[in-house]
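If you want the building blocks of each chain, they are given just below.
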Amino acid sequence: MRPARLWKLANANLSRELGALAVSAGGVALGIGCLVFFLALGRGVQRVVRDVFPVSARELEVVVPQVGIGSLFGDVRLDDAAVARLRQIPGVAEAFPRVALRVPAVTRYNGPFFGREIRMGLEVVGVGIPSELIGADARLPFVDPGEGGPIPVVVNRRLLEIYNKVFAPQRGLPTLTDSMLVGFEFPIELGRSYVAEKTLAGAYAARLRLAGFSDRAPIAGLSMPLQAVRRINARFGQDTGGYSSVLLRAQRSEQVGEIASAVKRMGLDLDESERNRALQIGAAVELVTLALSLLAALITALAAVNIAQAFHAAVRERTREIGVMRAVGATRVDVATLILAEAAVTGIFGGALGVLLARVGGLLVDRLARTGLPQFPFKPETFFDFRPTHVALGILIAVVASLAGAFFPARAAAALDPARALSEG
Amino acid sequence: MSAIELRALRKRYPPREPGGAPQDLWRGLDLTVDEGEFVAIEGQSGSGKSTLLHAVGGLDRDYEGEVLVLGERLRALSDARLAALRHARIGFIFQSFNLLAELTALENVLLPDYFGDGVPDAARRARESLERVGLADKASARPTALSGGERQRVAIARALLSRPPLLLADEPTGNLDARTGEGIIGLFRELHREGMTLLVVTHEVRVSRAASRVLVLREGALFPDPRLEGSA
């Protein structure tokens, strides 16, 4: 049977049964709409999770084990020699040592702040990182200026988001952007703590200058040039010559497992707390998406059952017509193909409608979220991530479900005894 | 050369009641229809006339004996080959016309072209067929807009699309008034004169009168009808 003729006949039959077709296609559309909606929602939420907890599949955080035989004997250190050995591990592309600011520090700021007067006092947590780690995120030179110069700092971009969405609205402070803040200077007192007994002898004042925002910077605290932190630690006799941690970047994500094993063989450990948190949240989102997708699949399966009933009824009604077709030269395969073609058209329409419903549903939910939900950190513009693959998958599943539903009716139609069909229809 | 050969054709229906005897529809029919013959088969309702036509058209193969049509042993043919035989070499006409309501008259005539390898030059042939049955001006009409006679003529045009050598008609004038029926019978005469083989099942004497041979199917056997035989 030639496709153009098949389409003509199928189209004629479908136009006759437009009501039943609309019900069948509507059922498929509902199932596919739910499926595509939940898949896009799942992907969208995953994207938000990745934004909040960015985890590189190629990176590992190496630390000294907190309790271990090696550390007891003092022979496991993250010093330059260890970093060199880590760089030698096959598959390691880069190693970025980090060192914690081991002295207390506070910032006290009384003065103008973008059109407002503020009084602020904070304990500062600092960490030294190499400039290569943040690269172009630092928009001012990220090097140790030496004693007396303002120390450049880089802040994790998520802190700015939290300030803008939570802190600023509550305190009536202005919303800020990267560009507004870069170059902003504020004082710091190194060696001083708000807990009096923690303050060290020789505490001194210095200045910090915001050099940029970066997702690469640790979220807790201010990132300073590695040499600056080592210099400050040394000034207070706290430089041990070792690092707090080393970030390893693999050449390929598949090599991470082997690198992790090699790190552990060296007696070192991995800090996977942030990665695990992101993975756990990601897994929870995946699980919910899967459950909702299964629900959608169930709706689609019910739609397939509805299609089976509709086509069974159609075949019963068209018994004589099928007999006529057989009489003028249709084979059993022709008859089955015709029924399945009608089902495929139903599926395509249902699938397309379902995708459209999902898209419209997504737009509505986003609109409601924009107007109805309060501002919160990392609130996305959209909770959905619709992709061309969703459209293709939706229509494909719709067609498969429709074909599955019409399979037995098509088989029954093909098996009709033409003589009986002509007599009884 | 024979167009149709029935050899010892038997068909039984299962008993109506448990423990009863099977019902014989045919008790060993033998018939030869030569090419170019116009044979009418009469018989009472339920005598098996339509079933016989279905057997000759390969629509019913549940019988004992042999049916040879245009040199093909029907029982030996696959579904595809049987469909191809019906498609290209056998035309069917039914009492209730059996047109597809969603298609126009022209599209109904083209129905055989939808299947198999289609019909060569189908569009031109379809228009010629409609012209031949006097419905050239009704090509775009749906069956619901046609009279009974017009519908039957569309059905005949459909049966003629493939220019088959054999035409099988089941009560072709059964649903038509006398005047319209005469027109259909005239058309059959014309086709017969052109050399087409016709096997027509009917209970109307006016149809039988047009045939070159008339048989009566009675109690499972075929008998020549002495009243009308050779009257054409």
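As the structure is a prediction and not an experimental result, all values here were calculated from the model.

Draft legend 1. Looking closely at the overall build of chain A. Of the regular secondary structure elements, chain A holds 14 helices and 11 strands. Computed over its C-alpha atoms, the radius of gyration of chain A comes to 33 Å, more than 25% above the 22 Å expected for a compact globule of 425 residues. In terms of overall dimensions, chain A has C-alpha extents of about 110 × 55 × 35 Å along its principal axes. Residues classed as buried in chain A amount to 48% of the 425 residues present. Of the contacts formed within chain A by residues at least 6 apart in sequence, a portion of 82% connects residues at least 24 apart. When the accessible surface of chain A is totalled, it reaches about 20900 Å², and 61% of it is carbon and sulfur. Between the averaged position of the 47 positive side-chain charges in chain A and that of its 37 negative side-chain charges there is a distance of 5 Å.

Draft legend 2. Fine view of a nonpolar patch on the surface. Among the surface-exposed residues, Leu159(A), Ile162(A), Val166(A), Phe167(A) and Ile219(A) lie close enough to one another that they form a single nonpolar patch of about 340 Å² accessible area. Relative to the helices and strands, Ile162(A) is located in helix α6 (residues 157-171).

Draft legend 3. Expanded view of the packing of aromatic side chains. Residue and element names in this part refer to chain A. A full pass over the atoms with the stated rule returns 13 aromatic pairs over all chains. Each ring, one from Phe37 and one from Phe38, has its centre 5.7 Å from the other, and the planes form 80 degrees; the classification is edge-to-face. The residues Phe37 and Phe38 share a single accessibility class, namely buried. On the numbers, 5.1 Å between centres and 80 degrees between planes, the contact of Phe407 with Phe408 is edge-to-face. What makes Phe407 partly exposed here is its relative accessible area of 41%. In this structure an aromatic cluster arises from ring pairing among Tyr109, Phe113, Phe114, Phe184 and Phe186.

Draft legend 4. Local environment of the pairing of strand β5 (residues 126-129) of chain A. All names here are of chain A. A two-sided burial pattern is seen for β5, the buried positions comprising Gly126 and Gly128 on one face and Val127 and Ile129 on the other. Where strand β2 (residues 92-100) lies against β5, two bridges are found, and the strand directions are antiparallel. Bridge pairing in β5 links Val99 to Gly128. Relative to strand β9 (residues 222-225), β5 runs parallel, the two being bridged by four bridges. Along β9, the bridge assignment pairs Gly128 with Met224.

Draft legend 5. Structural detail: the sheet that holds strand β9 (residues 213-218) of chain B. All names here are of chain B. Strand order across the open sheet formed by six strands is β6-β7-β8-β3-β9-β10, with mixed pairing between neighbours. In the strand order of this sheet, the two ends are held by β6 (90-93) and β10 (221-224), each with one partner. Sheet twist, expressed as the average angle between the axes of neighbouring strands with direction ignored, equals 20 degrees. Pairing of β6 with strand β7 (residues 166-170) involves four bridges; the strand directions are parallel. Looking across to β7, one finds that Ile93 is bridged to Ala169. Packed onto the sheet, helix α2 (residues 79-89) meets β6 and β7 and runs at close to 75 degrees relative to β6.

Draft legend 6. Summary view of the sheet that holds strand β1 (residues 2-13) of chain B. Residue and element names in this part refer to chain B. The four strands lie next to each other as β2-β1-β4-β5, forming an open sheet whose pairing is antiparallel. With one partner strand each, in any of the chains shown, β2 (23-34) and β5 (72-73) form the two edges of the open sheet. Here β1 runs beside β2; their pairing, made up of nine bridges, is antiparallel. Residue pairing for β2: Arg12 is matched across the bridge by Asp24. Those strands touched by helix α1 (residues 49-56) are β1, β2 and β4 (64-69), and its axis lies near 125 degrees from that of β1.

Draft legend 7. Geometry of empty space enclosed by the protein. As enumerated under the stated definition, the model contains one cavity of 30 Å³ or more in all. The computed volume of the largest cavity comes to approximately 90 Å³. Ala327(A), Val328(A), Arg86(B), His87(B), Ile90(B), Gly91(B), Phe92(B), Pro112(B), Arg158(B), Ala159(B), Ser162(B) and Pro164(B) are the residues that line the largest cavity. Mapped by element, the contributors of at least two residues to the lining of the largest cavity are α2, β6 and α5 (148-160) of chain B. With three residues, β6(B) is the largest single contributor of residues to the lining of the largest cavity. Tallied by class, residues from the lining of the largest cavity come to seven nonpolar, three polar and two charged.

Draft legend 8. The confidence of the model for chain A, seen in detail. Averaged over every residue, the pLDDT of chain A is 88; the share at 70 or more is 97%. When mean pLDDT is taken per element in chain A, β9(A) scores highest with 95 and helix α3 (residues 69-72) of chain A scores lowest with 51.

Draft legend 9. Main features of the side chain of Thr107(A). Secondary-structure assignment places Thr107(A) in strand β3 (residues 105-113). Apart from residues no more than four positions distant in its own chain, Thr107(A) is found in contact with Met120(A), Gly121(A), Leu122(A), Val124(A), Phe186(A), Pro187(A), Ile188(A) and Tyr194(A).

Draft legend 10. Broad picture of the pattern of salt bridges. Enumeration over the complete set of coordinates arrives at 39 salt bridges over all chains. Measuring nitrogen to oxygen at the nearest pair gives 2.6 Å for the salt bridge that ties Arg157(A) to Asp178(A). Here Asp178(A) lies in helix α7 (residues 178-181) and Arg157(A) lies in helix α6, a separation of 21 residues in the sequence. Where Arg124(B) meets Glu128(B), a salt bridge forms, and the shortest distance between an N and an O atom there is 2.4 Å. Highlighted residues: Arg124(B) and Glu128(B), both in helix α4 (residues 122-132), separated by four residues, approximately one helical turn. A relative accessible area of 40% places Arg124(B) in the partly exposed class. Connected through salt bridges with shared partners, the residues Glu59(A), Glu94(A), Arg216(A) and Arg249(A) form a single ionic network.

Rules used throughout
Residues numbered from 1 in each chain as written. Chains lettered and ligands numbered in written order. Predicted model: local features only at pLDDT ≥ 70, side-chain atom pairs only at ≥ 80, totals over all residues. Heavy atoms only, no water. Helix = DSSP H or I, 4+ residues; strand = E, 2+ residues; numbered from the N terminus. Rg over C-alpha atoms; globule rule 2.2 N^0.38 Å. Buried < 20%, exposed > 50% of the residue type's maximum accessible area, 1.4 Å probe, protein only. Contact = heavy atoms within 4.5 Å. Areas by Shrake-Rupley, 256 points an atom, 1.4 Å probe, with all protein chains shown as cover. Lys, Arg positive; Asp, Glu negative; His and termini not counted. Charge placed at Lys NZ, Arg CZ, Asp CG, Glu CD. Patch = residues over 30% accessible without salt bridge, like charges linked within 9 Å, V, L, I, M, F, W, Y side chains within 5 Å. Salt bridge = Lys/Arg side-chain N within 4 Å of Asp/Glu carboxyl O. Phe/Tyr/Trp six-rings, centres within 6.5 Å; stacked < 30°, edge-to-face > 60°. Pairing = 2+ DSSP bridges. Axes fitted to C-alpha atoms, helices over the stretch in contact; angles between N-to-C directions. 1 Å grid on protein atoms, 1.4 Å probe; cavity = no way out; pocket = protein on both sides within 12 Å on 5 of 7 lines; lining within 4 Å. Points joined across faces, edges and corners; volume = space filled by probe spheres on them. Nonpolar A, V, L, I, M, F, W, Y, C, P; charged D, E, K, R; others polar. pLDDT = per-residue confidence, 0-100.

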